[in-house]
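Chains, contacts and geometry: an overview
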There are 2 protein chains.
Amino acid sequence: MSEESQESQELGITESKSHRPGEWYAEVVRKAGLADYAPMGGFIVTKPRGYALWEAIQDALDGWFAETGVDNVYFPMFIPESFLEREKEIVEGFDPEVAWVTQGGHDELEERLAVRPTSESIIAPFMADWVRSHRDLPMRLNQWCSVVRWEATETKPFFRTKEFLWQEGHTAHADDAGAWAEVWTRLGQYERVYEDVLAIPVLRGKKPEHDKFPGADTTTTVEALMPDGRSVQGGTSHHLGQSFAEAFDISFAGEDEEEQTAYTTSWGLSWRALGALIMTHSDDQGLVLPPTVAPTQIAIVPIWQEDTQEEVLEYSAAIADELEEAGFRVELDDRDERNPGFKFNEHELNGVPLRLEIGPYEVEDEEVTLVHRPDKEEGVEGREGIVDAVDDHLDRIYDKLYDAAAERLDDNVREAHAPEDIMGTLGRHGGYVKTPWCGDEACEEAIKEKMAAEIVLQPLEAEGGETAGEVEKPESEECGVCGDHAEEVAYFARTY
Amino acid sequence: MSEESQESQELGITESKSHRPGEWYAEVVRKAGLADYAPMGGFIVTKPRGYALWEAIQDALDGWFAETGVDNVYFPMFIPESFLEREKEIVEGFDPEVAWVTQGGHDELEERLAVRPTSESIIAPFMADWVRSHRDLPMRLNQWCSVVRWEATETKPFFRTKEFLWQEGHTAHADDAGAWAEVWTRLGQYERVYEDVLAIPVLRGKKPEHDKFPGADTTTTVEALMPDGRSVQGGTSHHLGQSFAEAFDISFAGEDEEEQTAYTTSWGLSWRALGALIMTHSDDQGLVLPPTVAPTQIAIVPIWQEDTQEEVLEYSAAIADELEEAGFRVELDDRDERNPGFKFNEHELNGVPLRLEIGPYEVEDEEVTLVHRPDKEEGVEGREGIVDAVDDHLDRIYDKLYDAAAERLDDNVREAHAPEDIMGTLGRHGGYVKTPWCGDEACEEAIKEKMAAEIVLQPLEAEGGETAGEVEKPESEECGVCGDHAEEVAYFARTY
């Protein structure tokens with residue numbers, strides 16, 4: 001096999017998204033150069049193209065955080081065991097999956113140190129120290145870091161890894177209303193990351209009582225539907241009430257000089273967002289990315305014969321310069337050792353949203369041929385207004401991706417009113433099944449036991465308002481599982 | 001004591017930089033809100049103002065890295081013990097100070113995992129996999145992360161902590177010249193961070209053979225002189241030769257299809273740069289920052305009586321808006337509960353470079369009073385051209401800080417030609433003592449035993465050129481310590 005045909009084969013995705021989504025996903029991640037498996041199970045190495053996607057998410061979120069009063073900080077990656085134990089539910093929730101440092105250099109440590117699984121237990125005591133008066137509130141801290149949770153599951157890059165990158169926000173407020181407003185601000189920003197940056201529509205809601213973050217009063221979530229019918233928890237924002245403030249003594253002198261206990265929140269979005277991004281848009285040719293996050297937005301592929309090489313390259317380079325100057329991320333692919341077909345495949349695999357093909361005819365007619373990823377829609381635009389035209393095409397590509405995902409979501413929220421109906425619908429279609437629910441965890445268990453599906457969210461009564469997270473009331477008042485009186489609505493789905 | 005006077009006292013720095021630099025440093029770090037001590041010895045919590053300084057350094061360096069072909073990545077924070085052992089010198093160099101994870105959840109791990117002290121041992125094997133042909137070279141990877149080195153020393157925020165933030169770059173090249181060019185590019189960027197961002201002049205050089213990074217052929221360094229006469233290693237760039245490439249099998253098919261071994265480099269700059277920044281410019285009133293990195297560049301303090309409040313605040317707010325629009329980081333300090341004197345002290349403590357004082361006279365005369373940090377130089381500028389005037393004042397503040405540090409450096413490189421002379425000069429003045437050196441580690445030991453000073457660098461023959469790191473030849477050829485034949489020059493200094 002020639003070097004070229006061997007490499008062509010390496011470029012091809014051999015698995016099928018519709019038939020074997022798990023294998024297909026793993027192949028796209030590897031072949032598009034996003035991540036590799038580390039030697040220890042559960043860990044991955046994030047390669048340049050994958051890390052650039054994470055940076056795109058960071059840039060967007062971090063900017064919005066700064067605009068809304070959040071300060072970045074950095075806390076130690078280790079938490080002494082005695083600190084972890086101060087909030088009972090945190091230690092019960094996380095203890096089974098903590099990685100422990102027990103040796104430093106050649107010595108055994110006197111106290112084991114947890115590699116942070118989340119940082120409430122180390123941040124809260126400092127907040128207690130820093131917050132003295134109502135004037136110090138609200139206090140809003142955030143850190144971008146990695147955390148470790150020792151879960152014994154199969155590695156799935158970005159979806160399931162023992163170490164993962166995320167941001168964790170931690171805030172303290174003078175009153176309950178302030179904490180609720182915070183919870184909705186952050187949930188809204190997570191929704192915006194999905195909707196406006198990743199081209200993924202999401203559902204907002206809260207988690208059932210039994211599935212909250214350890215120690216939280218309320219956990220809110222944005223959920224994204226994957227093409228294989230499963231739901232991904234896209235980001236969570238927790239109202240922690242006063243449990244952490246009481247455990248760690250975060251109190252302050254109010255305006256009346258009386259000592260009061262603060263309310264706290266925490267909220268996090270992890271690189272699971274990258275998993276959702278890859279899974280949602282990509283196809284059997286490889287990665288598909290919205291132009292908002294694509295490290296390369298435009299690949300220019302000049303097509304020449306020996307006698308046309310100079311004019312084609314010159315014309316292409318001028319367009320590349322003009323687009324770069326206008327702020328686009330452009331790659332002029334003038335490699336001599338590759339033919340255009342190979343280049344097309346490679347840029348498709350790598351998820352470049354827009355390809356410009358430029359041959360002697362384009363030069364002669366002062367035009368450019370443009371090809372969209374993923375649907376190969378082709379257009380021809382005049383050389384003159386190329387910057388505006390490209391901008392327009394990129395917007396259309398974003399809209400196509402978003403619209404396809406939105407249509408899928410719309411089509412995949414179904415109602416059911418009996419256990420067989422819930423399970424039948426989930427089995428046939430996947431997606432979300434909406435049902436009245438009595439609120440008893442046993443009803444979720446009854447479904448979970450028979451098929452790996454659970455309650456992923458309860459829709460909110462008034463979305464995004466400064467409410468206290470009241471959930472939607474059902475139209476019928478019979479629990480879809482046990483038939484008892486139901487005052488809530490639940491969405492069942494299979495998850496990652 | 002009233003609340004105000006109690007808080008005023010908290011604002012004051014009580015230690016003296018010249019008499020007790022260590023205690024003074026710790027007090028500035030804490031009172032200016034840069035960092036706090038974590039509950040575990042050797043760890044700190046980086047607070048918003050401290051972290052913002054680190055972000056300023058990141059922004060500058062990361063931009064330059066991107067312009068010079070570096071891709072950001074993220075590797076696991078844990079390294080299996082067997083990987084660490086593959087490069088003999090790395091394991092010998094770092095084993096005594098590795099923190100080990102031995103338990104995951106409730107299970108003992110089969111193999112201990114090192115919390116990364118540096119990542120050559122986990123990055124090199126992946127480079128070996130990713131590099132196949134000369135077309136894949138040079139490969140330049142960088143990550144921003146934290147590392148852990150379990151050193152049993154007293155905690156000194158940013159200077160000596162068991163966990164610290166840094167960036168580590170790792171590159172592979174087809175030939176030795178390519179690796180050398182890389183070493184100088186990165187050392188040059190580190191120099192630029194100090195000179196152009198932190199207002200600290202540095203010396204460039206290489207470390208003596210016996211003080212190289214474990215496994216390196218050559219370690220180059222930038223060194224900064226602190227006001228107490230000690231030298232800080234500001235960033236290091238290592239030519240690793242072929243030792244890592246051989247240990248981890250990083251080889252490639254050359255243009256002639258022959259398999260060849262790569263050359264690698266690594267380079268890192270840590271938050272010690274923040275330590276140098278704080279130590280260099282700050283004074284007995286608190287933090288002093290160059291405008292380049294100051295989170296707040298300009299504090300506007302309106303000074304009013306009841307009858308002038310409205311006009312003064314309106315005038316001040318308009319100026320704040322105009323400066324913000326021009327891109328400056330401005331704080332309009334219109335707090336009602338604080339008097340101007342308190343505000344002046346607070347902004348001085350926090351290192352705000354420029355203060356604008358605006359009272360009724362300024363409003364009437366359409367002027368602004370400006371006060372520099374740290375020397376209290378005062379100026380008056382017209383309201384009209386305030387943006388340009390502020391820009392000019394900030395530049396002058398930067399230059400003042402830089403010039404003072406540069407003068408100190410110039411004055412503190414002295415020559416000596418005998419052991420008593422070396423030690424006497426170091427004892428009397430601190431700074432650098434330049435001496436001919438035979439190259440024998442024993443000569444360094446002889447000095448080190450008597451006073452805590454060491455060879456911090458050897459000046460390069462041709463600075464910044466694409467040389468292979470040849471060091472300056474001495475004028476006299478007698479080693480300043482033992483009197484033997486000397487072909488090299490060494491700089492002795494006390495260090496952190």
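Residues numbered from 1 in each chain as written. Chains lettered and ligands numbered in written order. Predicted model: local features only at pLDDT ≥ 70, side-chain atom pairs only at ≥ 80, totals over all residues. Heavy atoms only, no water.

By the naming in an unreviewed UniProt entry, chain A goes by Proline--tRNA ligase and is assigned to Saliphagus infecundisoli. Its UniProt record gives chain A the following Subcellular location (unreviewed entry) comment, quoted word for word: "Cytoplasm". Taken directly from UniProt, the Sequence similarities (unreviewed entry) text for chain A runs: "Belongs to the class-II aminoacyl-tRNA synthetase family. ProS type 3 subfamily." (UniProt positions renumbered as here; feature names shortened; annotations may be inferred.)

**Focus: the sheet that holds strand 4 (residues 78-80) of chain B**
The six strands are arranged 4(A)-6(A)-5(A)-5(B)-6(B)-4(B) in an open sheet whose pairing can be described as antiparallel. Only two strands of the sheet have a single neighbouring strand rather than two, namely strand 4 (78-80) of chain A together with strand 4 of chain B. Each strand axis lies, on average, 45° off the axis of its neighbour in the sheet, ignoring direction. As defined by bridge partners, strand 5 (residues 99-104) of chain A adjoins strand 5 (residues 99-104) of chain B across five bridges and the pair is classed as antiparallel. (Pairing = 2+ DSSP bridges. Helix = DSSP H or I, 4+ residues; strand = E, 2+ residues; numbered from the N terminus. Axes fitted to C-alpha atoms, helices over the stretch in contact; angles between N-to-C directions.)

**Here's the deal with the interface of chain B and chain A**
Reports often express the size of an interface as the amount of accessible area lost when the parts come together. On the chain A side, the residues contacting the 55 residues of chain B number 55 residues. For the pairing of chain B and chain A, the buried interface totals around 4600 Å² over both sides, and the portion due to carbon and sulfur atoms is 63%. Where chain B meets chain A, there are two salt bridges. A:Arg135 is paired through a salt bridge with B:Glu337; the nearest N and O atoms lie 3.3 Å apart. Counting every contact that joins chain B to chain A gives 25 residue pairs in polar contact (both at pLDDT 80 or more). With six residues, strand 5 of chain B is the single largest residue contributor to the side of chain B that touches chain A. Grouping the constituent residues of the side of chain B that touches chain A by class yields 32 nonpolar, eight polar and 15 charged. (Contact = heavy atoms within 4.5 Å. Buried area = accessible area lost by both parts, 1.4 Å probe. Salt bridge = Lys/Arg side-chain N within 4 Å of Asp/Glu carboxyl O. Polar contact = N/O pair within 3.5 Å; in protein donor to acceptor, adjacent residues only side chain to side chain. Nonpolar A, V, L, I, M, F, W, Y, C, P; charged D, E, K, R; others polar.)

**Some remarks on the domain arrangement of chain A**
Each assigned domain of chain A is listed here: domain 1 (15-281), domain 2 (298-403) and domain 3 (413-495). Taking only C-alpha atoms into account, the centre of domain 2 of chain A sits 48 Å from that of domain 3 of chain A. (Domains from an automatic or database assignment.)

**Regarding the sheet that holds strand 17 (residues 354-358) of chain B**
The strands making up a sheet are joined through hydrogen bonds of the backbone, oriented either antiparallel or parallel. Residues and elements named next belong to chain B. If you walk across this open sheet you meet the five strands as 16-15-17-18-19, and the pairing is mixed. Only two strands of the sheet have a single partner each, and these edge strands are strand 16 (330-332) and strand 19 (378-382). Sheet twist, expressed as the mean angle between neighbouring strand axes with direction ignored, is 25°. Here five bridges tie strand 18 (residues 367-372) to strand 19, and the two strands are oriented antiparallel to one another. What sits directly across from Thr369, in strand 19, is Val380. Strands strand 15 (298-302), strand 16, strand 17 and strand 18 of the sheet are contacted by helix 10 (residues 309-325), whose axis makes an angle of about 170° with strand 15. Running at roughly 175° to strand 15, helix 11 (residues 340-349) makes contact with strand 15, strand 16 and strand 17 of the sheet.

**Here's the deal with the state of the cysteines**
For the coordinates displayed, the defined rule picks out zero disulfides over all chains. Left unpaired, B:Cys438 is separated from the closest cysteine sulfur, that of B:Cys443, by 3.6 Å. (Disulfide = S-S within 2.5 Å.)

**Focus: the environment of A:Ala174**
Residue and element names in this part refer to chain A. Mapped onto the elements of the fold, Ala174 is located in the loop between strand 8 (163-173) and helix 7 (176-197). By relative accessible area, which is 30% here, Ala174 ends up partly exposed. Expressed as a C-alpha distance, the spacing of Ala174 and Ala262, which sit 88 residues apart in the sequence, is 5.3 Å. Those residues in contact with Ala174 that sit more than four places away from it in its chain are Leu137, Phe252, Gln260 and Tyr263. (Buried < 20%, exposed > 50% of the residue type's maximum accessible area, 1.4 Å probe, protein only.)

**Things to note about helix 13 (residues 386-411) of chain A**
The first and last C-alpha atoms of helix 13 of chain A sit 37 Å apart over 26 residues, in line with the 38 Å expected at 1.5 Å per residue. For helix 13 of chain A, the complete set of buried residues consists of A:Ile386, A:Ala389, A:Val390, A:His393, A:Leu394, A:Ile397, A:Tyr398, A:Leu401, A:Tyr402, A:Ala405, A:Ala406 and A:Leu409. (Expected span 1.5 Å × (residues − 1).)

**Things to note about the side chain of B:Thr161**
As for its placement among the helices and strands, B:Thr161 is situated in the loop between strand 7 (139-148) and strand 8 (163-173). Looking at B:Thr161, its side chain comes within polar contact range of the main-chain oxygen of B:Glu163, at 2.9 Å.

**Digging into unusual backbone geometry**
Residues and elements named next belong to chain A. Cis geometry is adopted by the peptide bond preceding Pro374, which originates at Arg373 and carries an omega value of 15°. Its place among the elements puts Pro374 in the loop between strand 18 (367-372) and strand 19 (378-382). Positioned with a positive phi, Ala199 is a non-glycine residue whose angle comes to about 60°. Relative to the helices and strands, Ala199 resides in the loop between helix 7 and strand 9 (203-206).

**A look at the pattern of salt bridges**
Residues and elements named next belong to chain A. Enumeration over the complete set of coordinates arrives at 46 salt bridges over all chains. With its nearest N and O atoms 2.9 Å apart, the salt bridge here joins Arg335 to Asp333. Residue class for Asp333 comes out buried when judged on its relative accessible area of 1%. Close ionic contact of Glu346 with Arg335 constitutes a salt bridge, the shortest N to O distance being 2.7 Å. Residue Glu346 is located in helix 11 (residues 340-349), and its partner Arg335 is located in the loop between strand 16 (330-332) and helix 11; the two are separated by 11 residues in the primary sequence. What emerges from the salt-bridge pattern is a single network uniting Asp333, Arg335, Lys343 and Glu346.

**Quick notes on the packing of helix 3 (residues 48-67) of chain A against helix 9 (residues 272-281) of chain A**
All names here are of chain A. Remark: helix 3 packs on helix 9, axes separated minimally by 10 Å, with the N-to-C direction vectors making an angle of 110°. With respect to their mutual orientation, helix 3 and helix 9 come out roughly perpendicular. Pair helix 3 / helix 9 crosses with right-handed handedness. Note on element contacts: helix 9 touches helix 3 through Ala273, Leu274 and Leu277, opposite Gly50, Leu53, Trp54 and Ile57. A per-class count over the contact of helix 3 with helix 9 returns six nonpolar, one polar and no charged. (Parallel < 35°, antiparallel > 145°, perpendicular 65-115°, else oblique. Left-handed = near helix turned anticlockwise from the far one by under 90°.)

**Looking at the environment of B:His106**
Topologically, B:His106 is positioned in the loop between strand 5 and strand 6 (107-115). Overall, B:His106 belongs to the exposed group, its relative accessible area being 62%. Sequence spacing of B:His106 and B:Trp150 is 44 residues, and the spatial spacing of their C-alpha atoms is 24 Å. Once residues within four sequence positions are removed from consideration, B:His106 is found in contact with A:Asp95 and A:Pro96.

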